[in-house]
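An overview of the molecular structure
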Amino acid sequence: MERIEQVAVAKKANIYFEGKVASRSVFFSDGSKQTLGVVLPGEYEFSTSQGEIMQVTSGSFEVLLPNSSTWQIFSEGSQFELAANVSFKIRNSDIAEYCCSYL
């Protein structure tokens, strides 16, 4: 099991889409932040306020990236990058998890 050490974790989860997507914020001593999330099966649209790197930590997502008409599959261990102020869609048929780093 991969671990993140020497961090602070928000007690309250970020809940989206009527509880089908949940994440927790993890704060590092250098001021950076990541979120660790769980996504139940479904299709969801998200928007970014800053650049992000989404790493799939379990399961897989189909992702419709900004300015694309083709869904791409990202499985455990893969990642994709998003610019600030864009929208993208994800869908999954099984529970999946992610780690989001902010740029």
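As the structure is a computational prediction, the values presented were derived from the model and not from experiment.

1. Observations regarding the pattern of salt bridges
Applying the stated rule across the entire model yields two salt bridges. Note that Arg3 is salt-bridged to Glu5, the shortest N-O span being 3.4 Å. Of the two residues, Arg3 and Glu5, neither departs from the other in class, the shared state being exposed. Two residues, Glu62 and Arg91, come together in a salt bridge whose shortest N-O distance is 3.2 Å. On the criterion of sequence distance, the pair formed by Glu62 in strand β7 (residues 60–64) and Arg91 in strand β10 (residues 87–92) is long-range, its members being 29 residues apart. In this structure Glu62 comes out as partly exposed when scored by relative accessible area, which is 29%. Accessibility expressed as a relative area gives 26% for Arg91, which makes it partly exposed.

Cut-offs and rules
- Residues numbered from 1 in each chain as written.
- Predicted model: local features only at pLDDT ≥ 70, side-chain atom pairs only at ≥ 80, totals over all residues.
- Heavy atoms only, no water.
- Salt bridge = Lys/Arg side-chain N within 4 Å of Asp/Glu carboxyl O.
- Buried < 20%, exposed > 50% of the residue type's maximum accessible area, 1.4 Å probe, protein only.
- Helix = DSSP H or I, 4+ residues; strand = E, 2+ residues; numbered from the N terminus.

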